[in-house]
Amino acid sequence: LVNINANASDNFGVIKVEFYVGTTLTCTDTTAPYTCAWQVPNPKANYSLKATAYDLAGKTTTHTISVSSK
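Figured I'd write up the structure that's included with this text.

Rules of the game
- Residues numbered from 1 in each chain as written.
- Predicted model: local features only at pLDDT ≥ 70, side-chain atom pairs only at ≥ 80, totals over all residues.
- Heavy atoms only, no water.
- Salt bridge = Lys/Arg side-chain N within 4 Å of Asp/Glu carboxyl O.
- Buried < 20%, exposed > 50% of the residue type's maximum accessible area, 1.4 Å probe, protein only.
- Patch = residues over 30% accessible without salt bridge, like charges linked within 9 Å, V, L, I, M, F, W, Y side chains within 5 Å.
- Areas by Shrake-Rupley, 256 points an atom, 1.4 Å probe, with all protein chains shown as cover.
- Helix = DSSP H or I, 4+ residues; strand = E, 2+ residues; numbered from the N terminus.
- Phe/Tyr/Trp six-rings, centres within 6.5 Å; stacked < 30°, edge-to-face > 60°.
- Lys NZ or Arg CZ within 6 Å of the ring centre and 35° of its normal.

## Overview of the pattern of salt bridges
Then comes step 1: Scanning all chains against the criterion turns up one salt bridge.
Then comes step 2: Here K16 and E18 are joined by a salt bridge, their closest N and O atoms 3.2 Å apart.
Then comes step 3: Exposure remark for K16: the relative accessible area of 25% places this residue in the partly exposed category.

Set out below in structure tokens:
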């Protein structure tokens, strides 16, 4: 189990952060600190992790990283 963390802030306020593994929505967190507990699947591989933050004005921002399980 791996914890994925995201820092998000906005002058209008962040309403949620969605965490994706590849294109699959894995978690949604509505309260800071924004975290997601991810069960790393077998076999070991490379993954694209994405966090998308949503603010009260309806705007979003996304950050993506690539990770490898060992």
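## Considering a nonpolar patch on the surface
Then comes step 1: A cluster of nonpolar side chains, F12, I15 and L56, forms an exposed patch at the surface whose accessible area comes to about 310 Å².
Then comes step 2: When you line up the elements, I15 lands in strand β2 (residues 14–21).
Then comes step 3: Relative accessible area serves as the criterion here: at 39%, I15 is assigned to the partly exposed category.

## Remarks on the packing of aromatic side chains
Then comes step 1: Taken as a whole and assessed by the stated rule, the structure comprises one aromatic pair.
Then comes step 2: Taking the centre distance of 5.1 Å and the plane angle of 80° together, the rings of W38 and Y47 count as edge-to-face.
Then comes step 3: A residue is classified by how much of its surface remains accessible, and Y47, at 16% relative accessible area, is buried.
Then comes step 4: The ring of Y54 is capped by K16, whose NZ or CZ atom sits 4.7 Å from the centre of that ring.
Then comes step 5: It is K50 that lies over the ring of Y20; its NZ or CZ is 4.5 Å from the centre.

Note that every value here comes from positions in space, so none of it alone points to a role or purpose.
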